[in-house]
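Structural overview
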Amino acid sequence: MRKKLLFVINNLHCGGAENSLISLLQQLDYTKYEVDLLLFQKEGFFLKNVPQEVRVLGPIEEFTYFDGTFAKVIIKAFFRLRFDIILTKFKFLSLKKIQNPAEREQRFWYYLKICLPKLKGNYDVAIGFLEKSPNYYIVDKVDAKRKMGFIRTDYEAMGMIQAIDEPYFEKLDYILANSPNAENSLKKLFPQFIPKIRTIENFFSPETLHAMTDEKVTIQKGELTLVSVGRLHPAKGYDLAVEACKIIKEKGIDIKWYIIGEGGERPELERLIQGNNVKGNFLLIGLKENPHPYIKLADLYVQTSRFEGKSRAIEEAKIHQKPILITNYPSASDQIQHLQNGYIVEMNANAIANGILHLHADNELKIKLISNLQNTLVDNQKQLNVLYDLID
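Since the model is a prediction, treat every value here as computed from it, not as a measurement. (Residues numbered from 1 in each chain as written. Predicted model: local features only at pLDDT ≥ 70, side-chain atom pairs only at ≥ 80, totals over all residues. Heavy atoms only, no water.)

A closer look at the overall build of the chain
To be explicit about the condition: We count a stretch as a helix when DSSP gives it H or I for four or more residues in a row; a strand needs E for two or more, and each element gets its number in order from the N terminus. Put simply, the radius of gyration uses C-alpha atoms, and a globule should come to 2.2 Å times the residue count raised to 0.38. A 1.4 Å probe rolled over the protein chains alone gives each residue an accessible area, and that area as a share of the maximum for its type sets the label: buried under 20%, exposed over 50%, partly exposed in between. Should any heavy atoms of two residues lie within 4.5 Å, those residues are counted as being in contact. In this description, accessible areas are obtained by the Shrake-Rupley approach with a 1.4 Å probe, and a residue is regarded as covered only by the protein chains that are shown.
Within the chain one finds 17 helices and 13 strands. Relative to a compact globule of 392 residues, whose C-alpha radius of gyration would be 21 Å, the chain shows 22 Å and is just as compact. Taken over 392 residues, the chain has a buried fraction of 57%. For the chain, long-range pairs separated by at least 24 residues make up 66% of all intrachain contacts whose partners lie at least 6 apart in sequence. In the form shown here, the chain has an accessible surface area of approximately 17,300 Å², with 51% of it arising from carbon and sulfur atoms.

This is the structure:
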């Protein structure tokens, strides 16, 4: 008899976790497993890529109450006699003063879970595929013989509250990091859970990624064209990127730096762009369901992060054999070996600017990096075997 698996994630928008999940689902052995996928919101670019063998559950109605305006939510909840929703909506507003969105989501779950019904059915294994809410959901609302949850970031750097996660980690059979650095961070902060911490790195489908570059997009290329992918968040270091862009522009170079992503830091970044006189050079083009054609058209892929778990965007740039420059955040060496498959610079604007200019001008180095990337193999089977061992 096939084992019954449940995967839980917020949605299938074009993010690293979502892309990894789809790649995993496309490679699972469905002769051994019956698979359900629960989406809090049944939407996203990758929804069409879910294999037909997977039963998609959701959306969860209660989540829709927190997307609309305050008045509409209150009226809708009132006429449906959902007074629990009304109370939770007020609590949601009170938490907006918390600046760290990760902490805000953690604390909100305490109120949100009261509104959510338990998921019908029983599973052999339930897997939260993203930190915070998906993991909390499988602990509080799912009946499963075994439960495991992913933490896809550097936990310490994200500023999450350990005391909130500890009781949930206690109830998980396995806590899954997506890089050795992220695993070490978890072991440092949660030594009591070391026996259940494992690493399963991201899953990739190179064929799918290469096919996605065929989509036609139009960008204005400059003498130097850069692309970065990631949410507009202080962790991504885009403030440093704006300043680096200014330094490069002041050297008389026509630079176009495209930032693909959206987030709460947009107003601050727009202010910095205006203040540094790079409005036509540093371009916030928003969230793109398919960023891969932009990566293909760029001269370099650049990641100016302050911290990462294991960046899927970097791995995808490697698969596209694009010269890559990143900052020296704690887990940088998990993905890039300096001067072998990419270029690592210190975490300041001058180092970023000088590194970009050096890498762009050094054709011999670019050819070496591209050649080394061509020899990089994507080994999903190793990660699949780790997952199968934990499931079985």
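Now that the structure has been shown, we can carry on.
Notes on the sheet that holds strand β4 (residues 122–128)
Under the convention used in this document: Paired strands, in this sense, are two strands between which DSSP finds at least two bridges. Helix axes are fitted to C-alpha atoms over the stretch in contact, other axes to C-alpha atoms as well, and angles between N-to-C directions run from 0 to 180 degrees.
In spatial order, the strands read β3-β2-β1-β4-β5-β6-β7; together these 7 strands make up an open sheet with parallel pairing. Among the strands making up the open sheet, the edge pair consists of β3 (55–57) and β7 (197–199). Averaged over all pairs of adjacent strands, the angle between strand axes in this sheet comes to 25°, irrespective of strand direction. As defined by bridge partners, strand β6 (residues 174–177) adjoins β7 across 3 bridges and the pair is classed as parallel. Paired with Ile175 across the strands is Ile197, a residue of β7. Helix α1 (residues 16–25) rests against β1 (3–9) and β2 (33–39) of the sheet, and its axis sits at about 160° to β1. With respect to the sheet, helix α9 (residues 180–189) is in contact with β5 (143–151), β6 and β7, its orientation differing from that of β7 by roughly 170°.

What to know about the sheet that holds strand β10 (residues 282–286)
What the 6 strands build is an open sheet, ordered β10-β9-β8-β11-β12-β13; its pairing is parallel. Both outer strands of the open sheet, β10 and β13 (343–345), are each paired with one neighbouring strand and no more. Looking at each pair of strands side by side, their axes are set apart by 25° on average, direction ignored. With 6 bridges joining them, strand β8 (residues 224–229) and strand β9 (residues 255–260) adopt parallel strand pairing. Directly across from Thr225, in β9, lies its bridge partner Lys256. Contacts from helix α14 (residues 312–319) reach β8, β11 (300–303) and β12 (324–327) within the one sheet, and its direction differs from that of β11 by about 165°.

Overview of the layout of surface pockets
Just so we agree on the cut-off: Lining residues are defined by having an atom within 4 Å of a point belonging to a cavity or pocket. Those points lie on a 1 Å grid over the protein atoms alone, cavities being sets where a 1.4 Å probe fits but cannot get out and pockets being open sets with protein on both sides within 12 Å along at least five of seven lines. Grid points are joined across faces, edges and corners, and a volume is the space filled by probe spheres set on the points. Residue polarity follows a fixed list, in which Ala, Val, Leu, Ile, Met, Phe, Trp, Tyr, Cys and Pro are nonpolar, Asp, Glu, Lys and Arg are charged, and the others, Gly among them, are polar.
The volume enclosed by the second largest pocket comes to roughly 360 Å³. When contributions to the lining of the second largest pocket are tallied by element, the ones reaching two or more residues are α14, α16 (363–374) and α17 (380–391). Its residues assigned to classes, the lining of the second largest pocket comprises 5 nonpolar, 7 polar and 7 charged.

Regarding the pairing of β2
Quick reminder of the rule: Orient the strands so they point away from the viewer, and a crossover whose first-strand-to-second-strand path over the helix runs clockwise is right-handed.
A large share of β2 lies buried, amounting to 6 of its 7 residues. When β1 meets β2, the two strands line up parallel, connected through 7 bridges. By the bridge assignment, Phe7 is partnered in β2 with Leu37. Handedness of the crossover is the feature at issue here: the chain leaves β1, passes through α1, returns alongside β2, and the resulting connection is right-handed. The pairing of β2 with β3 spans 3 bridges and is classified as parallel. Residue pairing across strands places Leu37 opposite Val56, the latter belonging to β3.

Overview of the packing of helix α6 (residues 133–141) against helix α8 (residues 162–171)
This is how the line gets drawn: In these notes the angle categories are as follows: under 35 degrees is roughly parallel, over 145 is roughly antiparallel, 65 to 115 is roughly perpendicular, and the rest is oblique. Each crossing gets its handedness from the near helix: less than a right angle anticlockwise from the far helix is left-handed, clockwise is right-handed.
Two numbers describe how α6 lies on α8: the axes approach to 10 Å, and their chain directions differ by 55°. Regarding the angle of α6 to α8, the classification is oblique. Regarding α6 and α8, the two cross each other, and that crossing is left-handed. Every residue of α8 that contacts α6 at Tyr136, Val139 and Asp140 is listed here: Ile164, Asp165, Tyr168 and Lys171. Of the residues assigned to the contact of α6 with α8, the class counts are 4 nonpolar, no polar and 3 charged.

Quick word on the pairing of β4
Of all 7 residues making up β4, 6 are buried, and the element is well covered by its neighbours. Two strands pair when backbone bridges link them, and β1 and β4 are joined in this way by 4 bridges, in the parallel orientation. Within β4, the position partnered with Leu6 by the bridge is Ala126. Direction of pairing for β4 relative to β5: parallel, over a ladder of 6 bridges. Opposite Gly128, over in β5, you have Gly149 as the bridge partner. Crossover handedness for the path β4 to α6 to β5: right-handed.

Spatial relationships are all this shows, so hold off on functional conclusions.
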